[in-house]
Amino acid sequence: MSLKDRINADIKEAMLAKDKARLQALRSIKSLILLAETEKGGTEGISQDTEMKLLTKAAKQRRESAELYAKQGRTDLEQIELTELNVIEEYLPKQLDEGDLRIRLLDIIQRVGATGPSDLGKVMGVASKELAGQADGRAISTAVGELLNNTDF
């Protein structure tokens, strides 16, 4: 079942359950998919990789908005963003925890032959592709920087 089909089925479920918050989040995801499909006159569906990029971007936007609202003391708006984030994350692959992320990054560092901080770009290029959707870009960057600054790997 494609992501679009899953979203449509979940929209119907949310409508029947009268879950307005979930329905709003699902409709925003569906809107992103429809916009991507119609971009550049495309009539076919979008690839699974593109779907994951859209969802990752939407999750990042919700996370950043929630942080901003929290700083401003707008807990009502923060809660809306967090609710939508939870719905979006249901469709993303499971996120790596910090330990698993570091293990995967050490493997990548060894494969590309990185020896220090000057190889950050090489490692990030490979890590961003391999770990797309499994870890936040900021978390990857931070962990790579720490690992490359530690010469005991």
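Residues numbered from 1 in each chain as written. Predicted model: local features only at pLDDT ≥ 70, side-chain atom pairs only at ≥ 80, totals over all residues. Heavy atoms only, no water.

## Structural notes on the environment of R102
(1) Moving on: For R102, the location among the structural elements is in helix α5 (residues 98–112).
(2) Moving on: With 42 residues separating them in the primary sequence, R102 and V144 have C-alpha atoms 8.0 Å apart.
(3) Moving on: Apart from residues lying up to four places away in sequence, R102 is in contact with A143, E146 and L147. (Helix = DSSP H or I, 4+ residues; strand = E, 2+ residues; numbered from the N terminus. Contact = heavy atoms within 4.5 Å.)

## Thoughts on the environment of A132
(1) Moving on: Assignment of secondary structure puts A132 in the loop between α6 (120–130) and α7 (137–149).
(2) Moving on: Residues A132 and K53 lie 79 residues apart in sequence; the distance between their C-alpha atoms is 7.8 Å.

## Here's the deal with the pattern of salt bridges
(1) Moving on: Applying the stated criterion across every chain yields a total of twelve salt bridges.
(2) Moving on: Residue R62 pairs with E84 through a salt bridge whose shortest N-O separation is 2.7 Å. Taken as a pair, R62 in helix α3 (residues 48–71) and E84 in helix α4 (residues 75–89) lie far apart in primary sequence, 22 residues in all. Each member of the pair, R62 as well as E84, carries the same accessibility label: buried.
(3) Moving on: As a salt-bridge pair, R111 and D107 come within 3.3 Å of each other at their nearest N and O atoms. Here the residue R111 and the residue D107 both occupy positions in helix α5, the gap between them amounting to four residues, near one helical turn.
(4) Moving on: Overlapping salt bridges, with partners in common, bring together R62, E81 and E84 in one network. (Salt bridge = Lys/Arg side-chain N within 4 Å of Asp/Glu carboxyl O. Buried < 20%, exposed > 50% of the residue type's maximum accessible area, 1.4 Å probe, protein only.)

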